[in-house]
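# Descriptive structure summary
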Amino acid sequence: MSYLSSFISFYKIMVWAGLLFLPSLGILGLSVIANPTVKYILFPFHEVAITIACLISTLVGIVAYRCYQKQGVATLKYWSFAFLGFAIIYLWHGMLTRTSTVNPIIFLIFGPTSRIILAGYLLWGMTQIHAPPDPVALRFKASQWQPHLMVIVALNIILLSIVFSPLSIPVIYIKLLERISLAILLFVFIRMLPLIPIRSPLLLSHFFALSFFIQASLAFLFSLPWNAMWWYAHLCSGVGFLILGYGIVRAYETTETFANIYDLKELQDKLIKSEAEKTELSLIIEEKEKAEQGLKNALEDLQKTQIQLVQSEKMSALGALVAGVAHEINNPVSFISSNLVHCEMYINDLMTHLKIYEHYDFSSYSEIEQHKEDIELNYLIEDCPRLIASMKEGTNRLIEISKSLRTFSRSDHQCKVAFDIHDGIDSTLMILRHRLKTNENHQEIKVIKEYGNLPQILCYPGQLNQVFMNLISNAIDVLNELSSEQQSPISLQKYPEILIKTEARPQQQKVMIMVEDNGNGMSPDVMHQIFDHLFTTKPVGQGTGLGLSISRQIIEEKHQGKIYCSSVVGEGTCFTVELPITSSLKV
């Protein structure tokens, strides 16, 4: 429905614009097809047309002044002088029509001069549109109109004295006057545009008439006396005056008195109301935009809060890694537990064997030899170091796992601390070690580490470890899925690998961490959304869609870095983390 309303509004604008500027099409057409040297001299027709235009202009001027006396709006006073002045000067243009055969300048000069008077007083009136009404006593004084009429009459006398003097006036001056009138009329037209929302029929008729006067002046600029363009300019001007007269008659039919035809007081009130409505609408729009922005900010804050709360994904990751840690700890504990039983037996046997030596004087060795054979002393002596070594290995693995767990889950401080990126990656790999091994569902995943010489970075270690956990876990998930697709020819051709590469770029003031897998890759659509909040490609119940969103927030907002991915379908995916080296400690 909104599209239909927009189309209707646009259509209305086009219709009004077409009506307003219709004469310009005629000007364009005549300039192309008409011969400017062909003259159509019709003295009586020209004299009658000018007389009618002057009569209508006089009527408009008198009605406007009557309305001024009733309302006191200064704009009406100057508009009345505009039309009366035009009629007084333009009348001579018609009266001197037949002198054109002797000297065309004699009657031509009155045309642009009358339009300058019309445009000048209209502009003057527009500047008074917001002025307070004149006092009643002042409206009926002769001093309100005598000076203006005297100036107009004096100008008329000066023009007559010039045209009948021996002085020759070049045509270029006539064209200059026409340009001046055109410029002022255009300026008045622009000043009247804010009055359109009032939607007064009389004001609208003036608006259309003014548009035709402007285009008439434009036609006069391109015309020669009595040619087709010259007559077309008169036609445009005449149509403008007919529109003016029609507007006055229609207004009189409504008000039944000439004194209220120009009810500019009401128009002023409407204009003020319209401007107030526009201001109110602007305030409403501004408040709406502020509300929308506030809602948007609230939504962003809510999402950030949610993401911060869901840093329980870190707790979730810790929960997941606890299972891995339990699995990893279980093996070395089993080594120690089972071997300790044998170790206890061996030591008891050794002790018993030694006690035998205390009861005998070593005169007979048969019992000692028999006991030696019973306890398999030689095997015991050979196996006992292996038991001890196995227990040491299990103990060392426990220590290593414990250290990795502390490194991964270290609590972040209020400010950044120095941290070795490689320690964070290694601790993450140690925690995920059980997921890299072969089981009944997938092949062993090989991890290739290509570490560069990185400086220690000032960062939040716990948060960076969470990023590493998310990236490496995602790579493992992809490769596990690849291994389980036994029917896929691709899966049979690839040995699952994860490449972890680090690199320092001092020239660009950054360090780079890349986690790359050789899985099936991602399509461009998926890659475009991969960092979006709650977006996941995993089955329901296996993915939250928060891991990479949290990772981007940690890297970009907390560490002022960048995280992005590149992927080729069928070849694999690479996630790249860039951290600024400016906040680093030198090695």
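Parameters at a glance
- Residues numbered from 1 in each chain as written.
- Predicted model: local features only at pLDDT ≥ 70, side-chain atom pairs only at ≥ 80, totals over all residues.
- Heavy atoms only, no water.
- UniProt positions renumbered as here; feature names shortened; annotations may be inferred.
- Helix = DSSP H or I, 4+ residues; strand = E, 2+ residues; numbered from the N terminus.
- Buried < 20%, exposed > 50% of the residue type's maximum accessible area, 1.4 Å probe, protein only.
- Contact = heavy atoms within 4.5 Å.
- Areas by Shrake-Rupley, 256 points an atom, 1.4 Å probe, with all protein chains shown as cover.
- Pairing = 2+ DSSP bridges.
- Axes fitted to C-alpha atoms, helices over the stretch in contact; angles between N-to-C directions.
- Phe/Tyr/Trp six-rings, centres within 6.5 Å; stacked < 30°, edge-to-face > 60°.
- Parallel < 35°, antiparallel > 145°, perpendicular 65-115°, else oblique.
- Left-handed = near helix turned anticlockwise from the far one by under 90°.
- Nonpolar A, V, L, I, M, F, W, Y, C, P; charged D, E, K, R; others polar.
- 1 Å grid on protein atoms, 1.4 Å probe; cavity = no way out; pocket = protein on both sides within 12 Å on 5 of 7 lines; lining within 4 Å.
- Points joined across faces, edges and corners; volume = space filled by probe spheres on them.
- Core = buried A, V, L, I, M, F, W, Y, C linked by side-chain atoms within 4.5 Å.
- Salt bridge = Lys/Arg side-chain N within 4 Å of Asp/Glu carboxyl O.
- Patch = residues over 30% accessible without salt bridge, like charges linked within 9 Å, V, L, I, M, F, W, Y side chains within 5 Å.
- pLDDT = per-residue confidence, 0-100.
- Expected span 1.5 Å × (residues − 1).
- Arc of directions from axis to C-beta.

As annotated in an unreviewed UniProt entry, the chain is histidine kinase from Planktothrix tepida PCC 9214. Note on the chain: under the UniProt heading Catalytic activity (unreviewed entry), the record states "ATP + protein L-histidine = ADP + protein N-phospho-L-histidine."

Moving on, we get to the overall build of the chain. Scanning the chain for helices and strands turns up 21 helices and eight strands. Counting over 587 residues, the chain shows a buried share of 42%. If you take every contact in the chain between residues at least 6 apart in sequence, the share linking residues at least 24 apart comes to 77%. When the accessible surface of the chain is totalled, it reaches about 32,200 Å², and 63% of it is carbon and sulfur.

The phi torsion at Trp226 lies on the positive side, around 75°, for a residue other than glycine. With respect to the element layout, Trp226 can be found in the loop between helix H10 (201-221) and helix H11 (228-255). At Gln560, a residue that is not glycine, the phi angle is positive and equals roughly 55°. Note that Gln560 resides in the loop between helix H21 (547-558) and strand E6 (562-568).

Pairing between sheet strands relies on hydrogen bonds along the backbone, with the strands arranged either parallel or antiparallel. Across the sheet, five strands lie side by side as E2-E4-E5-E7-E6; this open sheet has mixed pairing. Looking at the sheet topology across the chains shown, the edges are occupied by strand E2 (446-450) and E6. Neighbouring strand axes in the sheet, compared pairwise and without regard to direction, differ in orientation by 15° on average. Note: strand E5 (residues 510-517) against strand E7 (residues 572-580), eight bridges, orientation antiparallel.

Take the packing of aromatic side chains next. Applying the stated rule across the entire model yields 15 aromatic pairs. Judged by centre distance (6.1 Å) and plane angle (85°), the rings of Phe531 and Phe575 are edge-to-face. Residue Phe531 is found in the loop between helix H20 (524-529) and H21, and its partner Phe575 is found in strand E7; the two are separated by 44 residues along the sequence. Taking relative accessible area as the criterion, Phe531 reaches 9% and is therefore assigned buried. Overall, Phe575 belongs to the buried group, its relative accessible area being 9%. Members of the aromatic cluster, connected to one another through ring pairs, are Tyr65, Tyr68, Tyr78, Phe81, Tyr121 and Trp124.

Okay, the packing of helix H4 (residues 74-95) against helix H8 (residues 146-163) next. In the contact formed by H4 and H8, the axes pass within 10 Å of each other and the chain directions differ by 20°. As the angle between them shows, H4 and H8 are arranged roughly parallel. At the point where H4 passes H8, the crossing takes the right-handed sense. Facing H4, whose interface residues are Tyr78, Phe81, Gly85, Ile88, Ile89 and Trp92, H8 presents His148, Leu149, Ile152, Leu155, Asn156, Leu159 and Leu160. Here the contact of H4 with H8 is built from residues that sort into ten nonpolar, three polar and no charged.

What the rule picks out here adds up to five cavities of 30 Å³ or more. Taken as a whole, the largest cavity holds about 90 Å³ of empty space. Every residue lining the largest cavity is listed: Trp79, Phe83, Leu122, Met192, His206, Ala209, Leu210, Phe213 and Leu244. Going through the elements one at a time, H4 and H10 are the ones with two or more residues in the lining of the largest cavity. Among the elements that line the lining of the largest cavity, the one with the most residues is H10, at four residues. Its residues assigned to classes, the lining of the largest cavity shows eight nonpolar, one polar and no charged.

Counting residues in each nonpolar core, the largest one holds 72 residues, and the members touching the most others are Phe110, Leu122 and Leu210. The greatest single-element share of this core, amounting to 13 residues, is contributed by H10. Leu429, Leu464, Leu548 and Leu579 belong to the second-largest nonpolar core, a separate cluster that totals 40 residues.

Summed over the entire model, instances satisfying the criterion amount to six salt bridges. The shortest N-O distance in the salt bridge between Glu47 and Arg98 comes to 3.1 Å. Of this pair, Glu47 sits in helix H3 (residues 43-71) while Arg98 sits in the loop between H4 and helix H5 (105-108); the two residues are 51 residues apart in sequence, bridging distant segments of the chain. Look at Glu47 and you get partly exposed, because its relative accessible area is 21%. The class of Arg98 is partly exposed, set by a relative accessible area of 44%.

It is worth spelling out the pairing of E7 at this point. By the criterion of burial, E7 is predominantly enclosed, with nine of the nine residues buried. Residues Gly572, Cys574, Thr576, Glu578 and Pro580 of E7 are buried on one face, and the alternating residues Thr573, Phe575, Val577 and Leu579, pointing to the opposite face, are buried as well. Linking two consecutive strands that pair antiparallel, namely E6 and E7, is a turn of three residues; a positive phi of about 90° is found at Gly570 within it.

Structurally, Glu578 is set in strand E7. Look at Glu578 and you get buried, because its relative accessible area is 9%. Filtering out sequence-adjacent residues up to four positions away, Glu578 remains in contact with Lys510, Val511, Met512, Ile555, Gly561, Lys562 and Tyr564.

The next thing to look at is a nonpolar patch on the surface. A contiguous nonpolar patch, built from Ile172, Tyr173, Leu176 and Ile180 and spanning about 400 Å² of accessible area, is present on the exposed surface. On the basis of relative accessible area, Leu176 is assigned to the partly exposed category, the value being 42%.

Let us now look at the confidence of the model for the chain. Averaged over every residue, the pLDDT of the chain is 77; the share at 70 or more is 76%. Confidence drops under pLDDT 50 across residues 487-492; counting only partners more than four residues distant or on other chains, this segment forms seven contacts.

Here we take up the side chain of Glu178. For Glu178, the location among the structural elements is in helix H9 (residues 171-192). Given the relative accessible area of 4%, Glu178 is considered buried.

This next bit is on helix H2 (residues 22-33). An ideal rise of 1.5 Å per residue puts 16 Å on twelve residues; H2 measures up with 17 Å between its terminal C-alpha atoms. Inspection of H2 places Pro23, Ile27 and Leu30 among the buried residues, and these make up the whole buried set. Along the axis of H2, the buried positions cluster into a sector of 70°, meaning they face one direction only. Seen from the buried face of H2, the exposed residues on the opposite side, beyond 90 degrees, are Leu25, Leu28, Val32 and Ile33.

This part covers the environment of Tyr232. Following the sequence through the fold, Tyr232 ends up in helix H11. Overall, the relative accessible area of 17% leaves Tyr232 in the buried class. With 202 residues separating them along the chain, Tyr232 and Leu30 place their C-alpha atoms 8.7 Å apart. Residues in contact with Tyr232, not counting those within four places in the same chain, are Leu22, Pro23, Gly26, Ile27 and Leu30.

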